[in-house]
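One letter stands for each residue in the lines below.
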Amino acid sequence: MRIRTIVLIVAIVLMAGFAALNLDEFSRPSVLSLGFTTVQAPLGLVMLVLLAAVLLVFLATTLYIQSTHLLEMRQSTRALTAQRELADKAEASRFTELRQYLEAQAVAAQQREAAHGTVLAERLAQTQQVLIGKIEQSGNTLAAYIGELEDRLETRESGLRPARADTPSLL
């Protein structure tokens, strides 16, 4: 229990005890003026009844305020829970969208790499074909030069050989 509740209960018990101890004085009749008329009634009991009525009004007001506050808190809690769920769903959908975006980017990057790999392989094959062609051309040119040199050497050798008996020698 809260300390205020305990203090309130103790105060009510003390007032009830005081009224019980002085019940004779509270019930002694006296003349009371109501403004337009006068009545004979016990002043202590009238004051005690008025105190009890004020206490009941106070307790009813306190109960009403607390119940209203409790209902507002429940509504706020429901609204907060609903907003939290919406935020969680939005965050989950953002994570899903981010994951899908990253997956799409990864697929696009793989496709780009595959395309670049294909282009690179084609260029490498073209370069290889060009290189093979140039090597063959160089080999053919070299073979032609070697063949020409062999022909020259043979021609020179045949010119340097002693002539046959039937052909005159130039030297």
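Looking at this structure, how should I read the overall build of the protein chain?
Scanning the protein chain for helices and strands turns up 3 helices and 2 strands. Of the regular secondary structure in the protein chain, the N- to C-terminal order runs α-α-β-β-α. Taken over C-alpha atoms, the radius of gyration comes to 60 Å for the protein chain, far larger than the 16 Å a tight globule of 171 residues would show. With respect to the three principal axes, the spread of C-alpha positions in the protein chain is 190 × 30 × 20 Å. A buried classification covers 3% of the 171 residues belonging to the protein chain. When the accessible area of the protein chain is evaluated, it comes to approximately 15500 Å², of which 65% is carbon and sulfur surface. Both charge centroids of the protein chain, one from 16 positive and one from 17 negative side chains, sit 12 Å from each other.

Would you mind going over a nonpolar patch on the surface with me for this structure?
Taken together, the side chains of L8, I12, L56, F58 and L59 make up a nonpolar region of the molecular surface, amounting to roughly 430 Å² of accessible area. Those elements that place two or more of their residues in the nonpolar patch are α1 (3-21) and α3 (43-160). Broken down by element, the nonpolar patch gets its largest block of residues, 3 residues, from α3. Mapped onto the fold, I12 is located in helix α1.

Got a minute to help me understand the confidence of the model for the protein chain in this structure?
Residues shown with low pLDDT carry predicted positions that ought not to be read at fine detail. Of the residues in the protein chain, 93% have a pLDDT of 70 or more, and the chain-wide mean is 88. Per-element mean pLDDT across the protein chain ranges from 82 in helix α2 (residues 23-26) up to 91 in α3.

Procedures and definitions
- Residues numbered from 1 in each chain as written.
- Predicted model: local features only at pLDDT ≥ 70, side-chain atom pairs only at ≥ 80, totals over all residues.
- Heavy atoms only, no water.
- Helix = DSSP H or I, 4+ residues; strand = E, 2+ residues; numbered from the N terminus.
- Rg over C-alpha atoms; globule rule 2.2 N^0.38 Å.
- Buried < 20%, exposed > 50% of the residue type's maximum accessible area, 1.4 Å probe, protein only.
- Areas by Shrake-Rupley, 256 points an atom, 1.4 Å probe, with all protein chains shown as cover.
- Lys, Arg positive; Asp, Glu negative; His and termini not counted.
- Charge placed at Lys NZ, Arg CZ, Asp CG, Glu CD.
- Patch = residues over 30% accessible without salt bridge, like charges linked within 9 Å, V, L, I, M, F, W, Y side chains within 5 Å.
- Salt bridge = Lys/Arg side-chain N within 4 Å of Asp/Glu carboxyl O.
- pLDDT = per-residue confidence, 0-100.

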